[in-house]
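Observations on the three-dimensional arrangement
Spelled out from the first residue to the last, the chains are:
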There are 2 protein chains.
Amino acid sequence: MPIQLSDAKKLIEGILNKREMLLVTGECFVRYQGRAGSKLPKGKRMLMVKADKSFAIHQNRFLRPVNYMMNAVVSTKLKENVLVIEALKRKPKELIEVFFYSVDFVKGLEIEGEKDLSLFGSEKELSDQLMQDLSLIEPGLKPLKQESPLRKGVIDILAEDSEGSIVVVEVKRRRADLNAVSQLQRYMKQVEKIKGKKTRGILCAPSIGKHSMELLERSDLEFYKLDYEISNPKAEIKGLQKKQKGIKDFIEGKQ
Amino acid sequence: MPIQLSDAKKLIEGILNKREMLLVTGECFVRYQGRAGSKLPKGKRMLMVKADKSFAIHQNRFLRPVNYMMNAVVSTKLKENVLVIEALKRKPKELIEVFFYSVDFVKGLEIEGEKDLSLFGSEKELSDQLMQDLSLIEPGLKPLKQESPLRKGVIDILAEDSEGSIVVVEVKRRRADLNAVSQLQRYMKQVEKIKGKKTRGILCAPSIGKHSMELLERSDLEFYKLDYEISNPKAEIKGLQKKQKGIKDFIEGKQ
DNA sequence: CGGGCTAGCTGCGAG
DNA sequence: CTCGCAGTTAGCCCG
């Protein structure tokens, strides 16, 4: 049994004021105009509004909402038997209008807002571990700087090898792609220009695609296969081994 | 008033069988192990499971869920006064365990599942329009192929100019970045090698960053400022103008 | 604020 | 399947 739209409006406003998580379901049409534009024809959907004014329309499919906005200014109005819920933002200017023709269900939920998730296995964590012991890559490698900002990007690890060459290290937690190779190439060229010294570029990743490997080798970069394990409180590097042309098996290695 | 966990379990299983959208809220602890690992300490959260087995734990903040899995195999079990809801996947092997110590609320919703959103203003749409009339870029430009697949990427538009040179066009719907320039550079070099002809690279975007512009010019590529409007049924290109070093104002142009 | 980047990216489409 | 990439990417961090 549907809820009276005027009752729904009051309920919704109360929940928004309390900064609870708001859920609304019903028959609605959705229009969006902003960075792009969209229309969602009439149908049953769920609207979710969070305390930080994340605004999302969900269908019964996909992780991602079909329409959304963050940091929205939310307002409701009742007009000719339609309950309109608007999400508005400026910079960039964006507007979502949800036209509810009927409302089945309105609910406010007291839910945790903090982001208290502890995650392990991130690229940063792997980079930290490498920084601790660059001899994993090769003996005599000395750390210079982590997260070194260039004009055109940020270098994961900057180091110096036993012969005094600069070494640029790029770490990837998953299979390296063309983009990763281009990135490293960019960094290496910049460092070479700035420092005016012989510079090497090293890509560390659990695996790399065939085309990416070709591009890497043509660019005179080096690939190191990075083995790691995600155990409970943190990820651990298990091995790091240089790979080159002749060797093919590692290409198949999925993470 | 909390729901008995055994009742909650039955309700949840019924809703999952009906392929309705499932919502469960309550006090829970969440553990994830897979491509990475995470722990979410005990607290009130909302679990959402969709018909396609998208599985998401939401907090009252952010658009994105704090833990998630797509195409999950979902199962429930009751164990020592804890209701455990598991999401399992192989390839890659992933597991989310949600330990509900109490359940406040269980709901099944009949919600649309189709993806019936019509969206306009995508990169593909802009590329289509450009393909219709390449004279927007320069007179005499003849289309050769759209979405042309190379070994190392896909070219948006491949064309030939009035002097018989190959032209590679890359379109971006938003401000072009370093990555976009690298992409175009890659495509251009490949085409040059394959065709063995003089090749130009053109980047079309509403704006471009200063560093990206530098990189682009050093790579002998060209930038065209792409103005477009998103009107109702589709986006429309309003203008396309070549920009080079001397001209600076367009750098400030946010889309 | 913009600039650059990671992400357990997700989702799509071609080979 | 994998590969490459767009995305209203979101969210983060550092200048």
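Cut-offs and rules
- Residues numbered from 1 in each chain as written.
- Chains lettered and ligands numbered in written order.
- Predicted model: local features only at pLDDT ≥ 70, side-chain atom pairs only at ≥ 80, totals over all residues.
- Heavy atoms only, no water.
- Near = heavy atom within 4 Å.
- Polar contact = N/O pair within 3.5 Å; in protein donor to acceptor, adjacent residues only side chain to side chain.
- Buried < 20%, exposed > 50% of the residue type's maximum accessible area, 1.4 Å probe, protein only.
- Helix = DSSP H or I, 4+ residues; strand = E, 2+ residues; numbered from the N terminus.
- Pairing = 2+ DSSP bridges.
- Salt bridge = Lys/Arg side-chain N within 4 Å of Asp/Glu carboxyl O.
- Phe/Tyr/Trp six-rings, centres within 6.5 Å; stacked < 30°, edge-to-face > 60°.
- Lys NZ or Arg CZ within 6 Å of the ring centre and 35° of its normal.
- Least-squares fit on C-alpha atoms with pLDDT ≥ 70 in both.
- Contact = heavy atoms within 4.5 Å.
- Axes fitted to C-alpha atoms, helices over the stretch in contact; angles between N-to-C directions.
- Domains from an automatic or database assignment.

What to know about the protein's contact with DNA strand D
Around DNA strand D, 30 residues are found, and the nearest of them are A:R35, A:K115, A:H211, B:R174 and B:Y187. Atoms of DNA strand D within 4 Å of the protein: sugar and phosphate make up 81%, bases the balance. Interatomic distance of 3.2 Å between a side-chain N/O atom of A:Y32 and a base oxygen of DNA strand D. Take B:Q183: an N or O atom from its side chain is 3.2 Å from a phosphate oxygen of DNA strand D.

Overview of the pairing of strand β6 (residues 82-89) of chain A
Residue and element names in this part refer to chain A. Here β6 lies mainly inside the structure; seven of its eight residues are buried. Examined bridge by bridge, strand β5 (residues 73-79) and β6 share seven bridges and lie antiparallel to one another. Residue pairing in the sheet places L78 in a bridge with L83 of β6. In sequence, β5 turns back onto β6 through a hairpin of two residues, with E80 there showing a positive phi of about 50°.

Some points on the pattern of salt bridges
Residue and element names in this part refer to chain A. By the definition in use, this model includes 34 salt bridges over all chains. Note that R35 is salt-bridged to E94, the shortest N-O span being 3.0 Å. Placement of R35 in the loop between β1 (21-33) and β2 (37-49) and of E94 in strand β7 (residues 94-109) is noted, with a sequence separation of 59 residues between them. For R35, a relative accessible area of 38% corresponds to the partly exposed category.

Quick look at the packing of aromatic side chains
Two numbers describe a pair of aromatic rings. These are the distance of the centres and the angle of the planes. Overall, the coordinates contain three aromatic pairs over all chains when judged by the stated rule. Both rings, one in A:F105 and one in B:F105, keep their centres 6.1 Å apart while their planes meet at 10°; by these two values the pair is stacked. Here B:F105 lies in strand β7 (residues 94-109) and A:F105 lies in strand β7, a pairing that spans two chains. Comparing A:F105 with B:F105 shows no difference in burial state: the two are buried. Positioned above the aromatic ring of A:Y101 is the side chain of A:K42, whose terminal nitrogen or guanidinium carbon lies 4.3 Å from the ring centre.

Some words on the side chain of B:E222
Tracing the chain through its elements places B:E222 in strand β13 (residues 222-230). A polar contact of 2.9 Å, which involves the side chain of B:E222, links it to the side chain of B:R200.

Points about the relation of the copies chain A and chain B
Of the two same-sequence chains, chain A is brought onto chain B (RMSD 0.1 Å, axial shift 0.0 Å) by a rotation of 180°. In short, the pair behaves as if placed about a two-fold rotation axis. Proximity to the rotation axis, assessed at the C-alpha, singles out A:S182 in chain A; its C-alpha lies 3.2 Å from the axis. Interface residue correspondence from chain A to chain B reaches 99%, placing this contact among same-surface, isologous pairings.

A look at the sheet that holds strand β11 (residues 166-171) of chain A
Residue and element names in this part refer to chain A. Overall, mixed pairing links the six strands, which are arranged β9-β10-β11-β12-β13-β14 in an open sheet. Two strands lie at the open edges of the sheet, namely β9 (142-150) and β14 (235-243), each paired on one side alone. On average, adjacent strands in this sheet sit at an angle of 30° to one another, irrespective of strand direction. Direction of pairing for β9 relative to strand β10 (residues 153-160): antiparallel, over a ladder of seven bridges. In the strand pairing of β10, P143 is matched with A159. On the sheet, helix α2 (residues 123-132) packs against β9, β10, β11, β12 (199-205), β13 (222-230) and β14 and is oriented at approximately 70° with respect to β14.

Quick notes on the domain arrangement of chain A
On domain assignment, one finds that chain A holds domain 1 (5-109) and domain 2 (123-254). With centres defined by C-alpha atoms, the gap from domain 1 of chain A to domain 2 of chain A works out at 45 Å.

Here's the deal with the protein's contact with DNA strand C
Within the structure, DNA strand C sits among 31 residues, and A:K172, A:Y187, B:Y68, B:K115 and B:H211 are positioned closest to it. Separating a phosphate oxygen of DNA strand C from a side-chain N or O atom of A:K172 is a distance of 2.6 Å. One of the side-chain N or O atoms of B:E94 is found 3.2 Å from a base nitrogen in DNA strand C. Among the elements of the structure, β10 and α3 (178-195) of chain A together with β4 (67-69) of chain B are those that each provide at least two residues to the surface near DNA strand C.

Digging into the environment of B:P92
The topology assignment puts B:P92 in the loop between β6 (82-89) and β7. In sequence terms B:P92 and B:G34 are 58 residues apart; their C-alpha atoms lie 7.1 Å from each other.

Side note on the side chain of A:S219
All names here are of chain A. By secondary structure assignment, the location of S219 is in the loop between α4 (210-218) and β13. Its relative accessible area of 13% is what places S219 among the buried residues. Side chain to side chain, S219 and Q185 meet in a polar contact 3.2 Å long.

Here's the deal with the sheet that holds strand β11 (residues 166-171) of chain B
All names here are of chain B. If you trace the six strands from one edge of the open sheet to the other, you get β9-β10-β11-β12-β13-β14, paired in mixed fashion. Strands at the two margins of the open sheet, each flanked by one partner only, are β9 (142-150) and β14 (235-243). The mean angle between the axes of side-by-side strands here comes to 30°, regardless of whether they run parallel or antiparallel. As paired elements, strand β10 (residues 153-160) and β11 share four bridges and run antiparallel to each other. Counted as the bridge partner of I157 is V169 from β11. Sheet contacts for helix α2 (residues 123-132): β9, β10, β11, β12 (199-205), β13 and β14; angle to β14, the most-contacted strand, approximately 70°. Contacts from helix α3 (residues 178-195) reach β9, β10, β11 and β12, with the element oriented near 155° to β12.

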